[in-house]
Amino acid sequence: MHIIDLRSDTITKPSAAMRVAMAEAEVGDDVFGDDPTVNRLEALSAALMGKEAGLFVASGTMGNLVSLLAQCGRGDEVILGDQAHTFVNEQGGMAALGGILPHTIRNCPDGTLDLAEVEGAIRGDNIHYPRTRLVTVENTQNLCGGNPLTPAYMHQLGALARRRGLRLHVDGARIFNAAVALGVDVKELVADADTLTFCLSKGLGAPVGSVVCGDRAFIAEARRARKVLGGGMRQAGILAAAGIYALENNVGRLAEDHCNAAALEAGLSALPGIRPEPVQVRTDILYITIERPGLSGGQLAANLGERGVLITSSGPKRVRAVTNYHATAEDMPLVVRAFREALA
Ligand SMILES: *Cc1c(COP(=O)(O)O)cnc(C)c1O
């Protein structure tokens, strides 16, 4: 059976050319700072993001955690959206490992945080209060349909953070999807951020890894935090080489994933019993609400699985499909057909 795997963009496997780059990578002990390929990935990432320095980490979760640990002390507070991956899907690592208090406010449907609500969440100077240290947003905002946050919004949020003396961190797991979908230089999306992390292992197709970027002093602290978490890697250049390959070859092609997701959305809109959730700008993520009574997300995913289409259930009446480079434009009508049959 022809399997079309839309569970996530993390399922992407390294291409033959990426594997060649990995096999040929020059390596050294990265904890000693000796791995030339890791150093090259970190410098390339920092240059792409317009920041002073970068740090290669094992995952997006680790990238967000070391970023918060490096900038917040015990009892400090972080403002973030109630739909943020860092709040929902990272085991509360900031609280568990850093003693950092998450202060959630609602995500608007477009993934933004309302600026007045951010301002309202900032604590004054009072002996009873924790200290608000940092605000973080996600771009693209995964649980809000993968909608990208715009440079205009980021400039406003950045101005607010600076005015109130807060650090601004961007969870840019899919920041390149945002840049490609909006047609802007990725630098512009993070110009207002003090720190950011992005994933190499999602739509960019590397097998492992994320990169954290910021100024040199921050990266030095983040490097310490990475080490205590057990994330000091040795001849990691083999992995970093895949990341360099991804940044040099796989960014532009994210547009195909977005195009495929839009085609899928159009095809599924015509089917009764389900409703693709709209976004302002489509990236690679498509959430679908199930309107048919008695049909659960798990059941629909299982019905599709029997037809070779793999998606995830993301709620009792919600499923998620994520396009990626193993799924072609020709596959999209087949996915629509599988939905039609699975709903019949
Ligand atoms: C996937 C993801 C992460 C974490 O990435 P892992 O590499 O799976 O730890 C963080 N933030 C967002 C928005 C993500 O989608």
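As the structure is a prediction and not an experimental result, all values here were calculated from the model. (Residues numbered from 1 in each chain as written. Predicted model: local features only at pLDDT ≥ 70, side-chain atom pairs only at ≥ 80, totals over all residues. Heavy atoms only, no water.)

Overview of the sheet that holds strand β7 (residues 195–199)
- Read across the open sheet, the seven strands follow the order β2-β8-β7-β6-β5-β3-β4; overall the sheet is mixed. Two strands bound the open sheet, and with one partner strand each, they are β2 (53–57) and β4 (101–105). Ignoring which end each strand starts from, the neighbouring axes of this sheet average 20° apart.
- Here five bridges tie strand β5 (residues 131–138) to strand β6 (residues 167–172), and the two strands are oriented parallel to one another. Bridge pairing in β6 places valine 135 opposite leucine 168.
- Lying over the sheet, helix α2 (residues 36–49) contacts β2, β7 and β8 (210–214), oriented at roughly 125° with respect to β2. (Pairing = 2+ DSSP bridges. Helix = DSSP H or I, 4+ residues; strand = E, 2+ residues; numbered from the N terminus. Axes fitted to C-alpha atoms, helices over the stretch in contact; angles between N-to-C directions. Contact = heavy atoms within 4.5 Å.)

Looking at the side chain of aspartate 284
- The topology assignment puts aspartate 284 in the loop between β9 (274–276) and β10 (285–290).
- Ignoring anything within four residues of it in the chain, the contact list for aspartate 284 reads Asp9, Arg174, Asn177, Asp257, His258, Ala261, Ala321, Val322 and Thr323.

What about the side chain of threonine 112?
- Note that threonine 112 resides in the loop between β4 and α6 (115–121).
- The exposure class of threonine 112 is buried, given its relative accessible area of 12%.
- Separated by 2.6 Å, the side chains of threonine 112 and aspartate 110 make a polar contact.
- Sequence-distant contacts of threonine 112, that is, excluding residues within four places in its chain, are made with Arg106, Asn107, Leu149 and Tyr153. (Buried < 20%, exposed > 50% of the residue type's maximum accessible area, 1.4 Å probe, protein only. Polar contact = N/O pair within 3.5 Å; in protein donor to acceptor, adjacent residues only side chain to side chain.)

Quick look at the domain arrangement of the protein chain
- Once the domains are mapped, the protein chain shows domain 1 (14–249) and domain 2 (253–343).
- Computed over C-alpha atoms only, the centres of domain 1 and domain 2 are separated by 28 Å.
- The interface of domain 1 with domain 2 comprises 20 residues on the first partner and 15 residues on the second.
- Both sides together, the interface formed by domain 1 and domain 2 hides about 1,400 Å², and carbon and sulfur atoms give 54% of it.
- Counting across the domain 1 and domain 2 interface gives one salt bridge.
- Joining domain 1 to domain 2, the criterion identifies seven residue pairs in polar contact (both at pLDDT 80 or more). (Domains from an automatic or database assignment. Buried area = accessible area lost by both parts, 1.4 Å probe. Salt bridge = Lys/Arg side-chain N within 4 Å of Asp/Glu carboxyl O.)

So, the environment of leucine 268
- Here leucine 268 is to be found in helix α12 (residues 254–269).
- In this structure leucine 268 comes out as buried when scored by relative accessible area, which is 0%.
- Linking leucine 268 and glutamine 235, residues 33 residues apart in sequence, is a C-alpha distance of 46 Å.
- When neighbours within four sequence positions are excluded, leucine 268 is seen to be in contact with Ile274, Pro276, Leu286, Ile288, Val336 and Phe339.

Looking at the sheet that holds β9
- Read across the sheet, four strands follow the order β9-β10-β13-β12 without closing on themselves; strand pairing throughout is antiparallel. Looking along the sheet, the strands with just one partner apiece sit at the ends: β9 and β12 (312–313).
- Note that β10 and strand β13 (residues 318–322) share five bridges and pair antiparallel. Within β13, the position partnered with threonine 289 by the bridge is arginine 318.
- Across the sheet, α12 touches β9, β10 and β13, and the angle it forms with β10 is around 15°.

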